[in-house]
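Here is what each chain is made of, one letter per residue.
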Amino acid sequence: MVNGRRVLERFPAGGPRGSWPAEEFAHARRLEGTPAEVVMDLATDAFLVIVRGAEPFE
């Protein structure tokens, strides 16, 4: 967990479909009840699917 956020998945920003895979993954998590959202990590040039304020995985 970084800054009160848990990263669920990473998707490369340079992919041919842009952020869509990340958005689709986040949408599926929201349907399951997880408040997932997509953010851009400029340092790694990747879209991250995160949960804010989540407890870290063990």
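Residues numbered from 1 in each chain as written. Predicted model: local features only at pLDDT ≥ 70, side-chain atom pairs only at ≥ 80, totals over all residues. Heavy atoms only, no water.

Engineer: With reference to specific residues and values, describe the pattern of salt bridges.
Structural biologist: Enumeration over the complete set of coordinates arrives at 2 salt bridges. In this structure, glutamate 32 engages arginine 29 in a salt bridge whose closest nitrogen and oxygen atoms are separated by 3.0 Å. Residue arginine 29 is classed as buried on the basis of its relative accessible area of 19%. (Salt bridge = Lys/Arg side-chain N within 4 Å of Asp/Glu carboxyl O. Buried < 20%, exposed > 50% of the residue type's maximum accessible area, 1.4 Å probe, protein only.)

Engineer: Go over the packing of aromatic side chains, please, and point to the residues and values.
Structural biologist: For the coordinates displayed, the defined rule picks out 1 aromatic pair. Between the aromatic rings of phenylalanine 11 and phenylalanine 25, the centroid separation amounts to 5.8 Å while the plane-to-plane angle is 55 degrees, which identifies the pairing as tilted. Remark: phenylalanine 25 occurs in helix 1 (residues 20-31) and phenylalanine 11 occurs in strand 1 (residues 5-12); sequence separation between them is 14 residues. Taking the relative accessible area as the measure of exposure, phenylalanine 25 reaches 22% and is therefore partly exposed. In this structure, arginine 29 packs its charged tip against the face of phenylalanine 25, placed 4.4 Å from the ring centre. (Phe/Tyr/Trp six-rings, centres within 6.5 Å; stacked < 30°, edge-to-face > 60°. Helix = DSSP H or I, 4+ residues; strand = E, 2+ residues; numbered from the N terminus. Lys NZ or Arg CZ within 6 Å of the ring centre and 35° of its normal.)

Engineer: Go over the environment of phenylalanine 11, please, and point to the residues and values.
Structural biologist: The buried category is assigned to phenylalanine 11, whose relative accessible area is 16%. Separated by 14 residues in sequence, phenylalanine 11 and phenylalanine 25 have C-alpha atoms that sit 9.8 Å apart. Residue contacts for phenylalanine 11: discarding those within four places in its chain leaves Pro21, Ala22, Phe25, Ala46, Phe47 and Val49. (Contact = heavy atoms within 4.5 Å.)

Engineer: An account of the side chain of aspartate 41 is needed here, citing residue identities and associated values.
Structural biologist: Structurally, aspartate 41 can be placed in strand 2 (residues 37-41). One buried charged residue, aspartate 41, forms no salt bridge at all, with the nearest opposite charge on arginine 10 at 4.1 Å. Polar contacts involving the side chain of aspartate 41 include one to the main-chain amide nitrogen of alanine 43, which spans 3.3 Å. The residues contacting aspartate 41, other than those within four sequence positions of it, are Arg10, Ala46 and Leu48. (Lys, Arg positive; Asp, Glu negative; His and termini not counted. Polar contact = N/O pair within 3.5 Å; in protein donor to acceptor, adjacent residues only side chain to side chain.)

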